[in-house]
Amino acid sequence: MSSGSSPAARLQQLFEGHRLTPTQRRIAHSMVRRAADVAFLSSVELAELAGVSQPSVTRFAVALGFDGYPALRKHLREVAPGPGEAAVGAADDTYNEYQQAVHAEIENLQHLAELLADPAPVERAGRLLAASRPLPVLGLRAASSQARGFGYFAAKVHPDVRVLDEGGSMLRDRIDAARRAGASALVCFALPRHPKEVVDALAYAQEQGLTVVSIADSAFAPVAKHSDLLIPGAVGTGLAFDTACAPMLLGRVLLEAMCDDLPDAQARLEEFDARAAARGLFAE
């Protein structure tokens, strides 16, 4: 693993290429969230953090190719963050719970910025979504607002956007309708807690020949199994309800990549602005 990357990125590299069970994915996700100090947690502490049993942590370490958790922790300490990075985490103790939630979101955005140092996945996603006519946008429950927000802006530059933000027996019908109309890709916003219906819908979309692009809270989210391309943006869990600044920003980044592959995007935006001005649509 590269010593120049962030602690979270180094952990992601460690997990890549391993087939992990749902319990092991939960442990991996918890480790990424505590990347700055996970190398100094005992197996019991990590188990409590992830909400799993201590033997599960041991099995997780073995699944990664280590003799046990002590060997994994030794490896993590060899690539542990420097004193400056650790000091940032220690400073959290001086903040109240609201400030800690804000700082956690700032850290999530920093991780996203590091992820976007390689723009290739987002650029590929932009091409896939720009080429799909129509473009279905899926997001249920906690992710429905993400899907609607993305769909609202995407409709300004894409000729046919279909937001799928309600579940039930009609969901597969709407996927079928989009596929028959010529859709080649589907974008999904997936946030905790992950509805089983979303996972099933993505499996069905792939069966129908759609390429699935997912924005999820983690590369280990349940939707990963049925995503052709998954781009992670972590959520904050410090408040009673999760905060999702990184997934929202990632959606806007994806819109930007789409615009780059829609030759008439700028003309559509200018046309909308002219019509909005003629109608007096916005207060000045």
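Everything below is about the structure shown above.
Owing to the predicted nature of the structure, the values given are computational and were not obtained by experimental measurement.

**Student:** I would appreciate a short explanation of the overall build of the chain in the present structure.
**Tutor:** Broken down by element type, the chain carries 13 helices and five strands. Scaling as 2.2 N^0.38, a compact globule of 284 residues should have a C-alpha radius of gyration of about 19 Å, and the chain matches this with 21 Å. In terms of principal-axis extent, the alpha carbons of the chain reach across some 65 × 45 × 35 Å. Counting over 284 residues, the chain shows a buried share of 41%. Considering only contacts within the chain whose residues lie at least 6 apart along the sequence, 68% involve residues at least 24 apart. When the accessible area of the chain is evaluated, it comes to approximately 14700 Å², of which 53% is carbon and sulfur surface.

**Student:** Looking at this structure, how should I read unusual backbone geometry?
**Tutor:** It is generally the case that most residues other than glycine have a negative phi and that most peptide bonds are trans. In this model, Arg-133 is joined to Pro-134 through a cis peptide bond whose omega is 0°. Assignment of secondary structure puts Pro-134 in the loop between α8 (120–131) and β1 (135–138). Here the bond from Pro-192 into Arg-193 is cis, since omega is -10°, no more than 30 degrees from zero.

**Student:** Which parts of the structure should I look at to understand the packing of aromatic side chains?
**Tutor:** Aromatic ring pairs: the centre-centre distance and the angle between the two ring planes describe each pair. The tally for this structure, following the rule as stated, stands at five aromatic pairs. Seen in terms of ring centroids, Tyr-152 and Phe-153 are 5.0 Å apart; in terms of plane orientation they differ by 80°. Their pairing is edge-to-face. By relative accessible area, Phe-153 is classed as partly exposed at 36%. Ring pairing ties together the aromatic residues Phe-15, Phe-60 and Phe-220, which thus form one cluster. The ring of Phe-272 is capped by Lys-156, whose NZ or CZ atom sits 3.6 Å from the centre of that ring.

**Student:** Looking at this model, I keep getting lost on the pattern of salt bridges. Mind explaining?
**Tutor:** Side chains that differ in charge, positive against negative, can pair when their charged atoms come close. Counted under the stated rule, the structure contains seven salt bridges. With its nearest N and O atoms 2.9 Å apart, the salt bridge here joins Lys-74 to Glu-78. With Lys-74 and Glu-78 both in helix α5 (residues 69–78) and four residues apart, this pair spans about one turn of that helix. Take Lys-74 and Glu-78: they sit in the same class, and that class is exposed. Between Lys-196 and Asp-200 there is a salt bridge, with the nearest N and O atoms lying 2.9 Å from each other. Of this pair, Lys-196 and Asp-200 both sit in helix α11 (residues 196–207), separated by four residues, roughly a single helical turn. Here Lys-196 falls in the exposed class, since its relative accessible area comes to 61%. Judged by its relative accessible area of 31%, Asp-200 falls in the partly exposed class.

**Student:** Could you clarify how one ought to interpret the nonpolar core in this entry?
**Tutor:** Nonpolar side chains tend to gather and get buried jointly when the protein is soluble and globular. Of all hydrophobic cores here, the largest spans 31 residues; its most connected members are Leu-129, Val-137, Phe-150, Val-187, Phe-189, Leu-254 and Met-258. Top element by residues in this core is helix α12 (residues 245–260). It accounts for six residues. Beyond its immediate sequence surroundings of up to four residues, Val-187 is in contact with Leu-129, Leu-135, Pro-136, Val-137, Leu-138, Phe-150, Val-213 and Leu-254. Judged by nonpolar contacts, the second largest core, of 26 residues, contains Leu-14, Ile-27, Val-57 and Leu-76.

**Student:** Quick question: what am I supposed to make of the sheet that holds strand β3 (residues 185–190) here?
**Tutor:** Hydrogen bonds along the backbone pair up the strands of a sheet, which may run parallel or antiparallel. Taking strand neighbours across the sheet as the criterion, the five strands line up as β2-β1-β3-β4-β5 in an open arrangement whose pairing is parallel. The open sheet terminates on both sides in strands that have one partner only, identified here as β2 (161–164) and β5 (229–232). Each neighbouring strand pair of the sheet contributes to a mean axis angle of 15°, computed without reference to strand direction. By the bridge criterion, six bridges tie β3 to strand β4 (residues 211–216) in an arrangement that is parallel. Bridging across to β4, Ala-185 finds its partner in Thr-211. Contacting β1, β3, β4 and β5, α8 runs over the sheet at an angle of about 125° to β5.

Rules used in this analysis
Residue positions are given per chain, counting from 1 as you read along its sequence in written order. Whole-chain, interface and lining totals are the exception, using all residues; otherwise, since this is a predicted model, local features are given only for residues with pLDDT of at least 70 and side-chain atom pairs are given and counted only at 80 or more. Computation of side-chain values covers all heavy atoms of the structure but excludes hydrogens and water. Note on conventions: DSSP H or I runs of at least 4 residues are helices, E runs of at least 2 residues are strands, and numbering of each starts at the N terminus. In this treatment the radius of gyration is a C-alpha quantity, and the globule benchmark scales as 2.2 Å times the residue count to the 0.38 power. Exposure classes here rest on a 1.4 Å probe applied to the protein chains alone. A residue is buried below 20% of its type maximum, exposed above 50%, and partly exposed in between. Contact definition: two residues touch when any of their heavy atoms are within 4.5 Å. Computed with a 1.4 Å probe, the accessible areas rest on the Shrake-Rupley method; for each residue, only the protein chains presented here act as cover. Only Phe, Tyr and Trp rings take part, Trp by its six-membered ring, and two of them pair if their centres are within 6.5 Å. Stacked means planes under 30 degrees apart, edge-to-face means over 60, and tilted covers everything else. By definition here, charges over rings are those cases where NZ of Lys or CZ of Arg is within 6 Å of the ring centre and within 35 degrees of the ring normal. When a carboxyl oxygen of Asp or Glu is within 4 Å of a side-chain nitrogen of Lys or Arg, the pair counts as a salt bridge. Nonpolar core, defined: a set of buried Ala, Val, Leu, Ile, Met, Phe, Trp, Tyr and Cys residues in which side-chain atoms within 4.5 Å join the residues together. Each pair of strands is called paired provided DSSP finds at least two bridges between the two strands. Note on geometry: axes are C-alpha line fits, over the in-contact stretch for helices, and angles between N-to-C directions span 0 to 180 degrees.

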